[in-house]
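Chain by chain, the residues run as shown.
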Protein chains: 4
Amino acid sequence: MRINKALEMYNFKNDYAEGAHPKILERLAASNFDQELGYGDDRYTLAAKQVLYERLQNPKAVLYFVSGGTQANLLVISHLLRPHEAVISCKTGHIYANETGAIEATGHRVITVDGVDGKVTPTLVKEVIDAHQLRPHVVKPRMLYISNSTELGTIYTKSELISLSIICKKHGLLLFMDGARLGHALMSSSNDLSLADIAAHVDIFYIGGTKNGALLGEAIVFKSKELAADFDYTLKQKGALLAKGRILGIQFLTLLEEDLYFELAAKANTLATQIAQTIAAQGYQFLTPPNTNQLFPILPKNMIKDLLNSYAFYIWKEIDDDFQAIRIITSWASDQQEVDRFCHDLKRLADAKQ
Amino acid sequence: MRINKALEMYNFKNDYAEGAHPKILERLAASNFDQELGYGDDRYTLAAKQVLYERLQNPKAVLYFVSGGTQANLLVISHLLRPHEAVISCKTGHIYANETGAIEATGHRVITVDGVDGKVTPTLVKEVIDAHQLRPHVVKPRMLYISNSTELGTIYTKSELISLSIICKKHGLLLFMDGARLGHALMSSSNDLSLADIAAHVDIFYIGGTKNGALLGEAIVFKSKELAADFDYTLKQKGALLAKGRILGIQFLTLLEEDLYFELAAKANTLATQIAQTIAAQGYQFLTPPNTNQLFPILPKNMIKDLLNSYAFYIWKEIDDDFQAIRIITSWASDQQEVDRFCHDLKRLADAKQ
Amino acid sequence: MRINKALEMYNFKNDYAEGAHPKILERLAASNFDQELGYGDDRYTLAAKQVLYERLQNPKAVLYFVSGGTQANLLVISHLLRPHEAVISCKTGHIYANETGAIEATGHRVITVDGVDGKVTPTLVKEVIDAHQLRPHVVKPRMLYISNSTELGTIYTKSELISLSIICKKHGLLLFMDGARLGHALMSSSNDLSLADIAAHVDIFYIGGTKNGALLGEAIVFKSKELAADFDYTLKQKGALLAKGRILGIQFLTLLEEDLYFELAAKANTLATQIAQTIAAQGYQFLTPPNTNQLFPILPKNMIKDLLNSYAFYIWKEIDDDFQAIRIITSWASDQQEVDRFCHDLKRLADAKQ
Amino acid sequence: MRINKALEMYNFKNDYAEGAHPKILERLAASNFDQELGYGDDRYTLAAKQVLYERLQNPKAVLYFVSGGTQANLLVISHLLRPHEAVISCKTGHIYANETGAIEATGHRVITVDGVDGKVTPTLVKEVIDAHQLRPHVVKPRMLYISNSTELGTIYTKSELISLSIICKKHGLLLFMDGARLGHALMSSSNDLSLADIAAHVDIFYIGGTKNGALLGEAIVFKSKELAADFDYTLKQKGALLAKGRILGIQFLTLLEEDLYFELAAKANTLATQIAQTIAAQGYQFLTPPNTNQLFPILPKNMIKDLLNSYAFYIWKEIDDDFQAIRIITSWASDQQEVDRFCHDLKRLADAKQ
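Residues numbered from 1 in each chain as written. Chains lettered and ligands numbered in written order. Predicted model: local features only at pLDDT ≥ 70, side-chain atom pairs only at ≥ 80, totals over all residues. Heavy atoms only, no water.

- Identification of chain A as Threonine aldolase from Sphingobacterium deserti is taken from an unreviewed UniProt entry.
- According to the UniProt record, the Cofactor (unreviewed entry) comment for chain A is "pyridoxal 5'-phosphate".
- Annotation of chain A in UniProt includes, under Sequence similarities (unreviewed entry), the sentence "Belongs to the threonine aldolase family." (UniProt positions renumbered as here; feature names shortened; annotations may be inferred.)

1. As for the domain arrangement of chain A
Size of an interface, as often reported, equals the accessible area lost when the parts are brought together.
Residue and element names in this part refer to chain A.
Part 1: Looking at chain A, the domain boundaries give domain 1 (5-16 + 261-353) and domain 2 (22-257).
Part 2: Taken together, the contacts link 20 residues of domain 1 with 29 residues of domain 2.
Part 3: Of the roughly 2000 Å² buried between domain 1 and domain 2, counting both surfaces, carbon and sulfur atoms make up 58%.
Part 4: The largest share of the area that domain 1 buries against domain 2 comes from Tyr261, Phe262 and Asn291, three residues that together contribute 37% of it. (Domains from an automatic or database assignment. Contact = heavy atoms within 4.5 Å. Buried area = accessible area lost by both parts, 1.4 Å probe.)

2. Description of the relation of the copies chain C and chain D
Part 1: Of the two same-sequence chains, chain C is brought onto chain D (RMSD 0.0 Å, axial shift 0.0 Å) by a rotation of 180 degrees. This pairing of chains is accounted for by a two-fold axis. (Least-squares fit on C-alpha atoms with pLDDT ≥ 70 in both.)

3. Looking at the relation of the copies chain B and chain D
Part 1: The transformation that overlays chain B on chain D combines an axial shift of 0.0 Å with a rotation of 180 degrees, and the residual RMSD is 0.0 Å.
Part 2: Mapped onto chain D, 100% of the interface residues of chain B again fall at the interface, so both copies present the same surface.

4. Focus on the interface of chain C and chain D
Part 1: Facing 58 residues of chain C, the contacting portion of chain D comprises 58 residues.
Part 2: At the boundary of chain C with chain D, total buried surface from both sides reaches about 5000 Å², with 62% on carbon and sulfur atoms.
Part 3: For the pair chain C and chain D, the number of links is zero salt bridges.
Part 4: Put simply, chain C and chain D have 28 residue pairs in polar contact (both at pLDDT 80 or more) between them. (Salt bridge = Lys/Arg side-chain N within 4 Å of Asp/Glu carboxyl O. Polar contact = N/O pair within 3.5 Å; in protein donor to acceptor, adjacent residues only side chain to side chain.)

5. With respect to the confidence of the model for chain A
Low pLDDT marks stretches whose predicted atomic positions should not be read closely.
Part 1: Taken over all residues, the pLDDT of chain A has a mean of 96, while the share at 70 or more is 98%.
Part 2: Contacts for the low-pLDDT stretch residues 1-5 of chain A, under 50 throughout, to residues beyond four places or in other chains number ten contacts. (pLDDT = per-residue confidence, 0-100.)

6. Thoughts on the pattern of salt bridges
Part 1: Counted under the stated rule, the structure contains 62 salt bridges over all chains.
Part 2: As a salt-bridge pair, A:Arg109 and D:Glu104 come within 2.7 Å of each other at their nearest N and O atoms. Taken as a pair, A:Arg109 in the loop between helix H5 (102-105) and strand E4 (110-113) and D:Glu104 in helix H5 (residues 102-105) lie in two separate chains rather than in one. The same class applies to A:Arg109 and to D:Glu104, which are both buried.
Part 3: The salt bridge partner of D:Arg55 is D:Asp259, with a shortest N-O separation of 2.7 Å. A residue pair is termed long-range when its members are at least 10 positions apart, and D:Arg55 in helix H2 (residues 43-56) and D:Asp259 in the loop between helix H12 (246-257) and helix H13 (260-281) qualify at 204 residues.
Part 4: A relative accessible area of 23% means that D:Arg55 is categorised as partly exposed.
Part 5: The exposure class assigned to D:Asp259 is partly exposed, which follows from its relative accessible area of 38%.
Part 6: Salt bridges here are not isolated pairs; linked through shared partners, they connect A:Arg135, A:Lys140, C:Asp230 and C:Asp232. (Helix = DSSP H or I, 4+ residues; strand = E, 2+ residues; numbered from the N terminus. Buried < 20%, exposed > 50% of the residue type's maximum accessible area, 1.4 Å probe, protein only.)

7. With respect to the pairing of strand E2 (residues 62-66) of chain C
Residues and elements named next belong to chain C.
Part 1: Most of E2 is tucked away, with five of its five residues classed as buried.
Part 2: With burial as the criterion, each face of E2 is covered, one bearing Val62, Tyr64 and Val66 and the other bearing Leu63 and Phe65.
Part 3: In the sheet, E2 pairs with strand E8 (residues 218-222) via five bridges, with the strands oriented antiparallel. Within E8, the position partnered with leucine 63 by the bridge is valine 221. (Pairing = 2+ DSSP bridges.)

8. Quick notes on the sheet that holds strand E7 (residues 204-208) of chain B
All names here are of chain B.
Part 1: Spatially, E2-E8-E7-E6-E5-E3-E4 is the arrangement adopted by the seven strands of the open sheet, whose pairing is mixed. This sheet does not close on itself; its edge strands, each paired only once, are strand E2 (62-66) and strand E4 (110-113). Here the average twist between neighbouring strands, direction ignored, is 25 degrees.
Part 2: Pairing between strand E3 (residues 85-90) and strand E5 (residues 140-147): four bridges, direction parallel. Note that in E5 the partner of alanine 86 across the bridge is proline 141.
Part 3: Against the sheet, helix H7 (residues 158-170) makes contact with E5 and strand E6 (174-178), and its axis sits at roughly 145 degrees relative to E6, the strand it touches most. (Axes fitted to C-alpha atoms, helices over the stretch in contact; angles between N-to-C directions.)

What follows is the structure in structure tokens.
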């Protein structure tokens, strides 16, 4: 088998470098020869939904499981917007920055705002509304897309979420939360939101499995039957309805029937916190507050160069002649020993600089 | 866990009722904690492509792995057609009959022809070309979509495929073969096509994993770099690029590095042949020739009613007051004992009628 | 100026060979230097709408003027259907046969039925509904598109329209009437529908100007504010909102404030009737009943060949070795003397054959 | 007829408040009863194209006439881009600021840059290219859209255009010029570009009629047959192919066979220059250089308030507590006496302030 140079180093580039939590693989194996109905009507999917309904405390919610985040985003947005309607997002939002125009490909503009640490504020929403008054020569803002945790590792507080919810209602905007890393947000030590809070204050969100222990899978939650009406058609039409829906059901059942989903996110956060504290202790800053499993420390360029000999991670942003921000991501599968080694190396390099 | 009534009977409704071949699950487990690059750049995907390149005997081919058949169809067709161009398909073709307008949703008309046993003929293609001359008031036919095996269980012979290839070239049509059940076609006792033949005579095709032993996955083969140019963008834009591409690579590597893929299809065909011969021996007819793992026998309605007490399958078509055509599908996972029992029951019911 | 061979003959090919009724040109000139608001907020558009509201006898109707029939069709259909919804049409319907896949380009399947003399029947609608039950693997029929007069020159009776309206309501289908030649339908001697009847029984329709005396223009009528909601955005987004909307307003005001629109259609019908009666008197048949300004007589091939020396018209359909159906169209601008000459020539040729 | 309050004032809001140049109306009347072929195959369209080919000095150019600017933009862009490709535009560009997401509705992202006086620079293009390297997670920039004159009344110099053309070629971008006000750009006293220069340095552009003397109409120029291939299909599919194409042909023939098009633009510019010089003489500044028929003077708010009693124009931008930028547009049809009166009033108000 071909050896990839990049893999000789320990990988902090993302949270999808490994497979799935072993319990998921075990359950896939255990259920393998059961005959199940296709297209999400299998018993595991039904059971996983049941578990999730209980956690959400919203009897009107409607649930669907899909394969990935870009898919979830384009399905939800294209399902809910009419052709002249647009979605508001941070410039750093995944739908704008990382999805190859997937939303525009379904016919809708993504209106961008600059964001504060990757988050949208009510003021920014109001500015968009004000700038889109010259009907019918402008698109009609109809949805606000936010990510929690964000693409910059930050999280929304309960009061921030409620204030967004209020301004969205006021201006007829649906509030959609990309939860590709929702587990990490909810398990952050800075977090004051519960899953039920989110279910109460946003119109649609999803619970990301791909980046938190599943082989693949995101659980989409619609607040009401009205919003979800005919979503089964949309799934099929966009090629998102798996024949063997069981593989999504089995995974979410495993992750959610006990607290595995939250334990895995907590582990990723804990490892990130260890790294963040090590970095802070050396006196370095962060581009955005280190709240979850994504860190954006600002480090000396020669230190970064040294670290890149042993670890894989992204250089995120040029800061000045001497410093760059990098992105470090931990996950449910990150190795404690490797994290220890990284912290050790970082301290050593910092000490050497003094 | 909820008990589904339908599952008390043995399921001949489709070839995706079970999970994956155990070797696939084993390999997923064995590789689980390897850190791999995302989005299809992992070592398993690269190895699986290498294996497939060798089988195809076309050094210019370009390969991609995706999740499912509808996804593969819409990706390929929307990637290759300009907005005013259309694809020709049988009315029974999956893209017309079973995909919720997925192709039209990408902006393209599916021009239908009636087909012969689910197959397109050169004459039908020529009729479409002739009917689309009043430029620019009509769409421009630009692709022919065929399935092998077809949605009616039939297969294309080598001479049929070549004659389609010739008329396509003559009229500037790309030839695209949906191979969701390509294994079953190639392993049919009536088949005279090789994988290399197909690679030589069609412009794009795919090798279906979902219906032949994989959890999910189809391997798309483009004949040339020109046809495949920028397909990576298309994959991402349509939400089809899995973060953990490794799960597709691992599966196709397992299926194709030895002959597992073909052995599984052969098993499904063998079980179907046993059923077909049993039915024929009782003097019953078939709607279409029983070539692969999908059978469409025409049986007395009261026999069907009895069978439905023990087995799940679809009633396909009303034939007359006394007879209906049903659809029976076997798979790599079908149980030999259940097939024996079905044949035994069928004979018993047939005898009772005499 | 280049001389076009086809134009040496008198043109019965279509009803848009000439410019506009002189009263329209006069009014364009008379209003030319008035400063008006753009985008349909001019005084002429407002006045034309007022006139039309009165004729429709539906105070809830909402009106828009657009440039042409294909544009009207794609605007209305894409505005009203959600992505997974489809429109039913005759195979001969303009949206299927003559518009380069304009509807599919907006993402929607056109489900075709064979039709009876270019008309859809309740039975055909029911068959489509029955064939689209396997949710979510099929598109969802949501609209019925009909033309009146049809592309084959035929018209809907009041009872036919009401029965379609009933089945549409029953199955949740919007009923949309393409009225590119609505004037000719309403002024047919076989017609028993009024403009108010149509406004009462269909959900959306339009009154065609392009083929009945205008330079360009179709008046779209929505039955309710709910259906029309945000249609201004759709107009602009699809490039259909003219900066100088006045040119549509002036034309419809001129056509509708008196009975000019109906007089022009009546004239076209009268000339067609003269031709139809001449043909019938010679014992020839018609492909469809000659109800309006489009005739489809079945004539001997050698007679057709002779007529083509002096007149331009389309050969529509091969009937047998000796006969073809042709299409003859008259218009508000057709010349009585040319019609007389055509009838005379036709009689002469018919006599010579005997 | 309803009286519109806004119309009691003289209108400097736009350049489409009046109808068409009288010569156009005369020619429409003179040709009215000629029978012509439909869909742009009429003799007037052919003659107008012939005249334009000669002016362009590019024998490979391909021409089409369409109704309006938004339509031209969406037709060209959707025709030339593949689904994953995007177009770059100033934030003030018409396709981003004023067209209701028309481009996104065809599936393509509009990537915005801030622009300098409404113009794109090579540096801005390079920044976009650099920011779109993370293939395939980003869209692929494939076209640069510019307007000349711009939406802020400014124009491109020959050297600016050539430097854009060079960077576009280098990065595989098509260069598309929106010429809704091309006449005003070419007749600007600051202009050093000829029509042939533009034809030589851009890939696609159009010559705007709607805002320079026509009832409606833009003439699209493709640099080569390859770029224009199948554009007739695109026209029809998007509802842009007028049955009576003659009305576009007649207008462009009238505007271009002599120098009427350029004389009309020159008149609009001259009137604007008179206003600009009057404003400058009073010591007021402009938001952007006053090069063409669109002016953006920065005036005291109380002066603006007074002027709004007698003239209609847009308030464009808040500058500070005391000043606003307004937009004044003159046209081929603007009245010299009204311009004189406006200048007189402006001087009077300025004097009163001192």
